[in-house]
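Single-letter residue listing:
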Amino acid sequence: MRKRWIIFASLLIMSLLVSACSGSSQKGEKGEEGKSEIKEMSVRINSDPDFLDPHKAEASLTFRMMLNVFEGLFNPSPDGSVEPAIAEKYQVSDDGLVYTFTLRDEVKFHNGDPVTVKDVKYSFDRLMGTGTGQPLSSDFVNVEAVETPDDKTVVMKLKKPDSTFIYRLTAEQAAIIPESNDANQNTKPIGTGSFKFVEYNPENNLIIEKNKDYWKKDVPYLDKVTFVFQSDNQSALLSLQGGQLDLTDIPAHQKAEVEKNFTIIEQENNSVFLLGFNNEKKPFSDLKVRQAINYAINKDEIIEGAFSGYATKLGSNLSPIMGKYYKKGLEDYYPANVEKAKQLLAEAGYPDGFKTTLTISSHAELYSDAAQIAVEQLKKVGITAEIKVVEWAKWLEDVYGKRDYEMTMIDFTGKLDPYKILSRYVSTNKSSNLMNFNNAEFDKLMADVVLETDEAKQIAMYQQAQEILTKQAAAVFIADYKTLWGMNPKVEGFKSYPIFYMDMAHMKPKQ
Amino acid sequence: MKRKKINLNLLVGCFVLLFFLVTMVVSFFYTPYDVNAIAVSNKLQAPSSAHWFGTDPFGRDILSRIMAGTQTAFFVGSVVTLIGVVFGTLIGGFAGYVGGWLDEIIMRAIDALMAFPGIILAIMIVAVFGTGTLNTAIALGILATPGIARIARSGFIQNKQLEYVSAAKSIGVHPLKIIFREILPNIYSPLIVAASVAFAIALLAEASLSYLGLGVQPPDPSLGRMLKESQEYLTTSPWFTLAPGITITLLVLGFYMLSNGIRDLTDHRSK
Amino acid sequence: MTYVVRRFLLLVVTLIFISVITFLVFQILPGDPVRTMLGPDADEAQVETLKQQLGLDQPGHVQYLHLVEGFFQGDMGDSIRFSRPVTGLIMERLPITLSLAVISLIIVILVTIPLGIFSAKREKKWSDFFLSSFTQLGMAVPTFFVGMVLILFIGMSFQFFTTGGYVPWSESITGAIGSLILPALTIALPQIAISFRYVRNAILEQSKLDYVRTARGKGVSEAIVIYKHVLRNSLIPVVTVFGLILAEVIAGTIVVEQVFSLPGIGRLLITAVSYRDFPVVQGIVLYIALVVVVINFIVDILYAVLDPRIRLKS
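In this text the structure is predicted, and so the values were computed from the model without any measurement.

A. Highlighting the overall build of chain B. The helix and strand inventory of chain B stands at ten helices and zero strands. In terms of overall dimensions, chain B has C-alpha extents of about 75 × 55 × 30 Å along its principal axes. When each of the 271 residues of chain B is scored for burial, the buried share is 55%. Within chain B, contacts between residues at least 6 apart in sequence are counted, and of these 72% link residues at least 24 apart. On chain B, roughly 12100 Å² of surface is accessible, and the fraction owed to carbon and sulfur atoms is 68%. Computed over 19 positive and 14 negative side-chain charges, the inter-centroid distance for chain B is 9 Å.

This is how it looks when you write it as structure tokens:
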């Protein structure tokens, strides 16, 4: 009697195996049929969005997806400038205090309603907390008033001139959303972008579909895009090879495995990966110590070891991607030089080096990779740095919030606006000045550049600011690493932006 | 008559552990290469006569790191076992000896702790106290305590009822003396078995925690962390995964065999 | 009946105990959910407003009491990280973790019982020794190492297996099995090793008892002796072991979900801890404790069913 049971079990296993084999052949066929004309794409994103409501969201990964759904008065463009979107044109008064925007005709929200001046005013009021006292952004504290003289015009009055103002009008900082969706914006977001939000399944995926009424008539090509959340590189790579994904970033060392069958795209990130020190704390308050560490660190070795060579060496807190604003020639201001470093340490009163800690976050392998290399390099000049790995939440609280650290590593993601990037080092900017950098000359430059209206002069000032950061050795500015994308070879139209934006509107089947 | 059975478990277990103990001791004085020295140009070399187990993505010698990794493994295992045995015996022994409602309360708390997947507790303990080798060991030690407490308790309950204990009680021997002098030596062997199992489980748990990024942190070489680091190189450099993976397995196997060997030994004696 | 009431009260006490511990742990944990979500670009004004809107500006115990209050109305609260109800989040993932646990348990049972009988019959023979050593090896391998090796040698070679990601049952049954079988095997392996020894020893003990000898002496066929008498009477220790194993299996899913990128309860828990999402952590922890306690309860009931001599008492 019991024998029958065993026979039954083995039959069950066998039938499973049979269905397994038939299952695999079906999958192959379906895959090939589906790929003849690509109308849908699956794109891997490392982790979930913070908020779907664009005014609440801040994480760059969120905007990598959601800039397809939302637009501001302006949109980012691949060269790092901004181009008119919901605003068709704009004018600035001579004193730089009054911005007048004319709205584009025929821009509609995803719910079918046209974008009105009321919606624009509502969006800015919501960001600034006008009336509610609950601001969602401090980017617009300089705005005196938002007025709507007629149904096509929005006028924004500033308290003082600000040369960087229009950079803040993209969806990343000021998405235009409909007033009618106020309560549901975080669950059913509505925007004006080329794709509509469909659904979000936590830790699984976020789906968007074509906006047929998009004001740019020729885009998008795709009907549907699924952003798949996958934190593990190995699984993502397997999914790409298995056809479940069409686009994913891949670790640089795995390029060789992917390049035979997939299109590889190298994207500059516009981020700044650095080894920072607490400029207020001893011994880092001493310029010579900071310079010594700059000489001790061999950036090329870190680029090779942590990024497999796929990174652009930096010399200050700005990436070459920023084009005209970038100050060339600072990358090798402190060439790797153990002797020089030792000499500077001796001059600073530390002939035998010192002991310190390097606090890093555990949320990305990148930090522990680079930290291990840096610690070995520091050892050569006599500095013993102990690596302290903490959770991201703890890093943000202790290191970023309380500045309770000696040395740390962080990758600052890029912005369109050079002011926003460099203002981290302004001494009065307490909340984001991670390095506690304090330099009067730098502060003055940054205060002046905001008021400067002449572009050539602005550029010169930004370049000078970068030079100060390098000469004062505010941190060891290591590299802007490249993201390598592996893409389905049947697709083309990948566009690179200097911010985290995966522009799906121009993706189309390869001709 | 049957010939005397060789205690193969004990023999092999001891041999394996001795081998790793020697490796660990040697690693304090000598490793083929500097454990942490980075040579990026030499990265991901396949096993060769120069690097028996190959090199990792930073060009570090994997054999040297595994040798040093046994230090971490033995350290974590020892701390966990020590915490588990000391507190487990104290708590379990107390509950078993005293009995009554105190015993009931303690055992309910232990049941509640055991009803809870250990890894979750470990995650929370590590989140509170921070990551690092010692903290990992303490977290895992706390986890090992309830299991050992149960074993100690049942041993105490069994022995408490035996004549020699009641005899000692009746002539007024101090309870503490009864516990340490009389009962403890009699439940020695199940505790030794429990301890070596705890050691084995600690090694596995440390590896799991390090794999989740919550255990031992760089640059301390840990076998579990090496496995995690190797995951992305699985297809291109399988030796990077296999070397630490097989080392952990052998090490844990050694402790399991040791515990089975001791159990066989005492079983035979009691017969 | 009093037994059931007693058990139920014990369950409630256990859950309260665990809930309070989780809360206290979260009071000590450094880090703030809103800041952790927004990252280093967070705007101070934004952080303050969001905290107010999410009710996180209130003191910890007020938030906790609020959550407990919701509990009694059947509401586990909303996730901070995902801005949606905790119950829904857990329910979405339950099929994955549950399928994983059930498949692993089936594998364990299918392998262990025949193997245990086989090994017990050949006590002190080489095949028995080999099996015993082999199972010790099974216990000694770290689960995630098994998982990685399975991905490397099996997952990559056969299209059938989805390595990394989950195919829902509703989409394709073979697809779901393909995405779950390797992780389930990974969880099952060490458990097979543990339960195999129990089954073997239980059967060995039984088969040395008098009634078995008598049965054999009477000329009852070996198969009937084993399956009808020995196996049935060995079931009590075996059921105990499977009860214990299920708790281990649930714990195993946490690591294995990470190795195979399965969006199950374990992954949700790890995310929730790292983002300081207290409502979610609380929900999951209570949920797992509930499941484990209920399983122990079922195991106790099974004892009584299998052996009428055992009375249900504390």
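B. Region of the structure containing the sheet that holds strand E6 (residues 143-150) of chain A. All names here are of chain A. On the basis of which strands lie adjacent, the open sheet formed by four strands has the order E4-E5-E7-E6 and antiparallel pairing. Of all the strands in the sheet, the pair left with one neighbour each is strand E4 (87-92) and E6. With direction set aside, neighbouring strand axes in the sheet form an average angle of 20 degrees. Relative to strand E7 (residues 153-158), E6 runs antiparallel, the two being bridged by five bridges. Note on E7: the bridge partner recorded for Asp 150 is Thr 153. Along the sheet, helix H3 (residues 117-128) makes contact with strand E5 (98-103), E6 and E7, crossing E6 at roughly 165 degrees.

C. Inspection of the interface of chain B and chain C at higher detail. On the chain C side, the residues contacting the 38 residues of chain B number 39 residues. Summed over both partners, the interface of chain B with chain C comes to about 3400 Å²; 82% of that surface belongs to carbon and sulfur atoms. When residues of chain B are sorted by the area they lose upon contact with chain C, Met 124, Val 128 and Tyr 211 of chain B head the list and together hold 15% of the total. Where chain B packs against chain C, one counts zero salt bridges. In this structure, the connection of chain B to chain C is made through one residue pair in polar contact (both at pLDDT 80 or more). Secondary structure elements with two or more residues in the side of chain B that touches chain C: helix H1 (8-29), helix H3 (100-114), helix H4 (118-129), helix H8 (188-211), helix H9 (223-230) and helix H10 (238-270) of chain B. Considering each element in turn, the side of chain B that touches chain C owes the most residues, 13 residues, to H10 of chain B. Looking at the side of chain B that touches chain C residue by residue, the class counts come to 25 nonpolar, nine polar and four charged.

D. Structural view of the environment of Ile 173 of chain C. Of note, Ile 173 of chain C is situated in helix H8 (residues 173-207). Take Ile 173 of chain C: its relative accessible area is 55%, and that puts it in the exposed class.

E. Fine view of the pairing of strand E18 (residues 475-487) of chain A. All names here are of chain A. Burial of E18 is extensive: twelve of the 13 residues sit out of reach of the surface. Sheet topology places strand E11 (residues 247-250) next to E18; four bridges connect them, and they run antiparallel. Residue Ile 250 lies in a different strand from E18, and its bridge partner there is Leu 484. For strand E12 (residues 263-268) and E18, the ladder comprises six bridges, and the chain directions are antiparallel. The residue bridging Ile 264 from the neighbouring strand is Gly 486, located in E18. Relative to E18, strand E13 (residues 272-277) is paired through four bridges, and the arrangement is antiparallel. For Phe 273, the partnering residue across the bridge sits in E18 and is Ala 479. In this structure, strand E14 (residues 311-313) lies alongside E18, joined through three bridges in antiparallel fashion. Directly across from Lys 313, in E18, lies its bridge partner Ala 479.

F. Highlighting the interface of chain A and chain C. Counting residues at the interface gives 50 residues for chain A, matched by 48 residues for chain C. When chain A packs against chain C, close to 4300 Å² is buried across both sides, 54% of that on carbon and sulfur atoms. Our count for the contact surface shared by chain A and chain C stands at four salt bridges. For Arg 276 of chain C, the salt bridge goes to Glu 391 of chain A, with nearest N and O atoms at 2.7 Å. One can count 20 residue pairs in polar contact (both at pLDDT 80 or more) joining chain A with chain C. Take the side of chain A that touches chain C: its biggest share by element is eleven residues, from helix H1 (residues 2-34) of chain A.

G. Examining the pattern of salt bridges more closely. Residue and element names in this part refer to chain A. According to the stated counting rule, one finds 35 salt bridges over all chains in the structure shown. The residue Asp 404 makes a salt bridge to Lys 281 at a minimum N-O spacing of 3.9 Å. Taken together, the residues Asp 404 in the loop between helix H11 (392-401) and strand E17 (407-412) and Lys 281 in the loop between E13 and helix H7 (287-296) connect sequence positions 123 residues apart. On the basis of relative accessible area, Lys 281 is assigned to the partly exposed category, the value being 30%. A salt bridge links Asp 448 to Lys 444; the nearest nitrogen and oxygen atoms lie 2.9 Å apart. Taken together, the residues Asp 448 and Lys 444, both in helix H13 (residues 440-451) and four residues apart, mark about one turn of the helix. By relative accessible area, which is 29% here, Asp 448 ends up partly exposed. For Lys 444, a relative accessible area of 53% translates into the label exposed. Ionic contacts of the salt-bridge type, sharing partners, join the residues Lys 394, Glu 397, Asp 398 and Lys 402 into one network.

H. Region of interest: the nonpolar core. Residues Leu 73, Ile 293 and Met 409 of chain A are the most contacted members of the largest nonpolar core, which totals 311 residues. In terms of residues, this core owes the most to one element, helix H10 (residues 222-259) of chain C, which gives 18 residues. For Leu 73 of chain A, the residues in contact, after removing those within four places along its chain, are Pro 84, Ala 85, Ile 86, Ala 87, Phe 101, Leu 103, Val 120, Phe 124, Leu 169 and Ile 176 of chain A.

Basis of the calculations
Each chain has its residues counted from 1, following the order in which its sequence is written. Note on labels: chains are lettered from A, ligands numbered from 1, in written order. With pLDDT at 70 or above as the cut-off, local features in this predicted model cover only qualifying residues; side-chain atom pairs require 80 or more to be listed or tallied, and sums for whole chains, interfaces and linings still use all residues. With hydrogens and water excluded, all non-hydrogen atoms of the structure serve as input to the side-chain values. For the purposes of this entry, the term helix denotes a DSSP run of H or I that reaches at least four residues, the term strand denotes a run of E that reaches at least two, and both are numbered from the N terminus. Summary of the burial criterion: residues with accessible area below 20% of their type's maximum are buried, those above 50% are exposed, and those between are partly exposed, where the area comes from a 1.4 Å probe applied to protein chains only. Any two residues whose heavy atoms approach within 4.5 Å are treated as being in contact. In short, Shrake-Rupley with a 1.4 Å probe defines the accessible areas, and a residue's cover is counted only from the protein chains shown. His is not counted, nor are the chain ends, whereas Lys and Arg count as positive and Asp and Glu as negative. Throughout, a charge is located at the NZ atom of Lys, the CZ atom of Arg, the CG atom of Asp or the CD atom of Glu. One bridge is not enough; two strands pair if DSSP finds at least two bridges between them. Lines fitted to C-alpha atoms define the axes, with helix axes restricted to the stretch in contact, and inter-axis angles between N-to-C directions lie between 0 and 180 degrees. When two parts are brought into contact, each loses some accessible area as probed by a 1.4 Å sphere; the total of that loss over both is the buried area. By convention in these notes, a salt bridge is any Lys or Arg side-chain nitrogen within 4 Å of a carboxyl oxygen on Asp or Glu. By the criterion applied in these results, polar contacts are pairs of N or O atoms within 3.5 Å in which, for protein atoms, one can donate a hydrogen and the other can accept it, and in which residues neighboring in sequence qualify only through two side-chain atoms. Throughout, the ten residues Ala, Val, Leu, Ile, Met, Phe, Trp, Tyr, Cys and Pro are labelled nonpolar, Asp, Glu, Lys and Arg are labelled charged, and all others, Gly among them, are labelled polar. Among the buried residues, those of types Ala, Val, Leu, Ile, Met, Phe, Trp, Tyr and Cys that are joined through side-chain atoms within 4.5 Å form a nonpolar core.

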